[in-house]
Amino acid sequence: MAQLDISQKLTILADAAKYDASCASSGAKKRDSRDGTGIGSITGGGGICHAYAPDGRCISLLKILLTNSCIFDCHYCINRRSSNVRRARFTAPEVVDLTLNFYRRNYIEGLFLSSGIIASANYTMEQIVEVARSLREDHDFRGYIHLKTIPNADAELIAQAGRYADRVSINVELPTRQGLERLAPEKSETQIEGAMADMATVIEDGADARKRYKSAPRYAPAGQSTQMIIGADAANDRDIVRRASGLYTRFKLKRVYYSAFSPIPDASAVLPLQRPPMQREHRLYQSDWLIRCYDFSLAEVTSVADTATGMLPLDIDPKLAWALKFRGQFPVDVNRAPREMLLRIPGLGPTAVNRLLKARRYRSLRLADVARATTSVKKLRPFIICEDWRPLALTDSADLKALITPKPKQMELFAV
Ligand code: SF4
């Protein structure tokens, strides 16, 4: 590997890290150093890579790889062994210095660190853990740390990652076992899920211990997450939603991230030539929200997928697709319906539903009350009944979908 200075390494290793989508920071414990001790804070400041949390909060992270060299040869990965990219590698002290320097300049609020596999899974994991350990123990760094862990590293090393990081993630990479075997033959679904199960146990045991002993160490307080690549293998949306739902249930994941496959230079012949539509990734995120935040069951979400192809509709969101498919469930009386039915009304989110539930304790809700709780009452009207509104036969109208879905816009040919 040629001798590179820090700035050259940063250029290469920050660019190599951009393919990882799983760096949102939701759920992190708020830590700061305003008492004059320590350094770093999870909140405030400007930054390099912006990670958006589901609650809309945005934090800036130094998002880099320790190295983009790798002994594995996953077909979809630009850093795979056989790829012809320029390689670079940071030492653990270099990453620590960079993080502290960037923090002091107010560029970042935390670190997202991943890596290709150097020599062995354990050696790589030791280097990753050393960065986090040094930041926390040698420098009392209180900013956010997200570590990507290597599934076949020793359980003890993965637990140590959880000891120092706010969030850890272990990528499942592909939605199905067959996809993983075909595109990442050196990885094993059993090892990946084993590491997730170990981490779930460490987090749960740590939380239990904290209930009994205030001084017990905290393990990954922002939980664990994973990422899967969409469109690189034959998995359809139904397979993907099913896999994600299983991961949430079995390993209590905080988030599953979906990353639309993008063709890479010198791509392997087993990969598709084109990336899937971005809208597909967006619809998968929406279906994920329905399960996590709207109390939809897996069966409800997958019921809107096309029976033959297993794909979610691209032209409308899955919640609207469900409402159109099960029109018999509507209109819903916003003054009497239980929370779970209010959550199924297109256009009403959990915050709006909570507002309506609170307001209806004191008065009978009118259309204006519903309008105040949401951004567009137009989408809702065919699906609700309230004190002064009833949609007559509109819910059964065959052209309901056309009436409430946004009109397609002509794209500008040369738009930048
Ligand atoms: S192990 Fe990770 S870095 Fe290495 S080739 Fe596979 S996906 Fe890329």
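Figured I'd write up the structure that's included with this text. (Residues numbered from 1 in each chain as written. Predicted model: local features only at pLDDT ≥ 70, side-chain atom pairs only at ≥ 80, totals over all residues.)

## So, the overall build of the chain
Across its full length, the chain holds 14 helices and nine strands. Out of the 416 residues belonging to the chain, those deemed buried represent 41%. Counted over contacts in the chain with a minimum sequence separation of 6, partners at least 24 positions apart contribute 67%. (Helix = DSSP H or I, 4+ residues; strand = E, 2+ residues; numbered from the N terminus. Buried ≥ 20, exposed ≤ 12 C-beta atoms within 10 Å, placed from the backbone. Contact = placed C-beta atoms within 7 Å.)

## As for the pairing of strand E3 (residues 110-114)
Burial runs high along E3: five of the five residues are buried. Burial along E3 is two-sided: the residues Gly-110, Phe-112 and Ser-114 and Leu-111 and Leu-113 are all buried. As paired strands, strand E2 (residues 58-65) and E3 are joined by five bridges and run parallel to one another. Its bridge partner being in E3, Leu-61 is matched across the sheet by Gly-110. Here four bridges tie E3 to strand E4 (residues 144-148), and the two strands are oriented parallel to one another. Looking across to E4, one finds that Gly-110 is bridged to Tyr-144. A crossover links E3 with its parallel partner E4, the connecting element being helix H3 (residues 121-138), and its sense is right-handed. (Pairing = 2+ DSSP bridges. Right-handed = clockwise from strand over helix to strand, strands pointing away.)

## Some details on the pairing of strand E6 (residues 224-230)
Across a regular strand the side chains alternate sides, sitting on one face of the sheet and then on the other. Within E6, seven of the seven residues are buried, leaving the element largely enclosed by the surrounding structure. Going residue by residue along E6, you find Gln-224, Thr-226, Met-228 and Ile-230 tucked away on one face and Ser-225, Gln-227 and Ile-229 tucked away on the opposite face as well. In this sheet, E6 lies alongside strand E5 (residues 167-169) in parallel orientation, the contact comprising two bridges. Following the sheet pairing, Ser-169 is matched in E6 by Ser-225. Note that E6 and strand E7 (residues 255-260) share six bridges and pair parallel. Bridging from a neighbouring strand, Thr-226 pairs with Val-256 of E7. Between the parallel pair E6 and E7, the chain is carried across by helix H7 (residues 237-251), and the sense of this crossover is right-handed.

## Some remarks on the site of the ligand
Taken together, Cys-70, Phe-72, Cys-74, Cys-77, Asn-79, Arg-80, Gly-116, Ile-117 and Ala-184 make up the full set of residues near the ligand. Grouping the amino acids of the shell around the ligand by side-chain chemistry returns six nonpolar, two polar and one charged. (Near = placed C-beta within 6 Å. Nonpolar A, V, L, I, M, F, W, Y, C, P; charged D, E, K, R; others polar.)

## Description of the nonpolar core
Nonpolar side chains tend toward joint burial in soluble globular proteins. If you look at the biggest cluster of nonpolar residues, it comprises 105 residues, and the most contacted ones within it are Leu-113, Ala-132, Ala-161, Val-334 and Leu-342. Take this core: its biggest share by element is seven residues, from H3. When we break this core down by domain, the ones giving at least three residues each are domain 1 (6-225) and domain 2 (326-404). In this structure, Leu-342 is in contact with Val-332, Val-334, Ala-337, Leu-348, Val-353 and Leu-356, ignoring residues within four places of it in sequence. (Core = buried A, V, L, I, M, F, W, Y, C linked by C-beta atoms within 7 Å. Domains from an automatic or database assignment.)

## Quick word on helix H2 (residues 92-104)
Between the first and last C-alpha of H2 there are 19 Å, a value that for 13 residues agrees with the 18 Å anticipated at 1.5 Å per step. Within the sequence span of H2, burial applies to Val-95, Val-96, Leu-98, Thr-99, Leu-100, Phe-102 and Tyr-103. Elements in contact with the buried residues of H2: helix H1 (6-16), E2, E3 and H3. Just downstream of H2 lies Asn-106, where phi reads positive at about 70°. (Expected span 1.5 Å × (residues − 1).)

## A closer look at the packing of H2 against H3
Put simply, H2 and H3 touch, their axes get as near as 9 Å, and they point 40° apart. When the axes of H2 and H3 are compared, the pair comes out oblique. For H2 against H3, the interelement crossing comes out right-handed. In contact with Ala-92, Val-95, Val-96 and Thr-99 of H2, H3 contributes Gln-127, Glu-130, Val-131, Ser-134 and Leu-135. Grouping the amino acids of the contact of H2 with H3 by side-chain chemistry returns five nonpolar, three polar and one charged. (Axes fitted to C-alpha atoms, helices over the stretch in contact; angles between N-to-C directions. Parallel < 35°, antiparallel > 145°, perpendicular 65-115°, else oblique. Left-handed = near helix turned anticlockwise from the far one by under 90°.)

## Describing H1
Note on helix geometry: an α-helix contains 3.6 residues per turn, so any two residues three or four positions apart are oriented the same way. Within H1, the full set of buried residues consists of Lys-9, Ile-12, Leu-13 and Ala-16. Along the axis of H1, the buried positions cluster into a sector of 85°, meaning they face one direction only. On its buried face, H1 sits against E2. (Arc of directions from axis to C-beta.)

## Remarks on the environment of Ala-88
Assignment of secondary structure puts Ala-88 in the loop between E2 and H2. Looking at Ala-88, the number of C-beta atoms within 10 Å reads 23, which means it is buried. Separated by 84 residues in the primary sequence, Ala-88 and Leu-4 place their C-alpha atoms 7.5 Å from one another. Not counting residues within four places of it along the chain, the set of residues in contact with Ala-88 comprises Leu-4, Gln-8, Lys-9, Ile-12, Leu-13, Thr-67 and Asn-68.

## Brief notes about unusual backbone geometry
Phe-330 connects to Pro-331 through a cis peptide bond whose omega is 0°. Turning to its location among the elements, Pro-331 is positioned in the loop between helix H10 (318-325) and strand E8 (332-333). Of note in the backbone geometry, Ala-220 takes a positive phi value of approximately 35° without being a glycine. With respect to the helices, strands and loops of the structure, Ala-220 is situated in the loop between helix H6 (189-212) and E6. The class for Ala-220 is buried, based on 30 C-beta atoms found within 10 Å. Residue Lys-252 is not a glycine yet carries a positive backbone phi of 50°. With respect to the element layout, Lys-252 can be found in the loop between H7 and E7.

None of this, on its own, says anything about what the molecule does.
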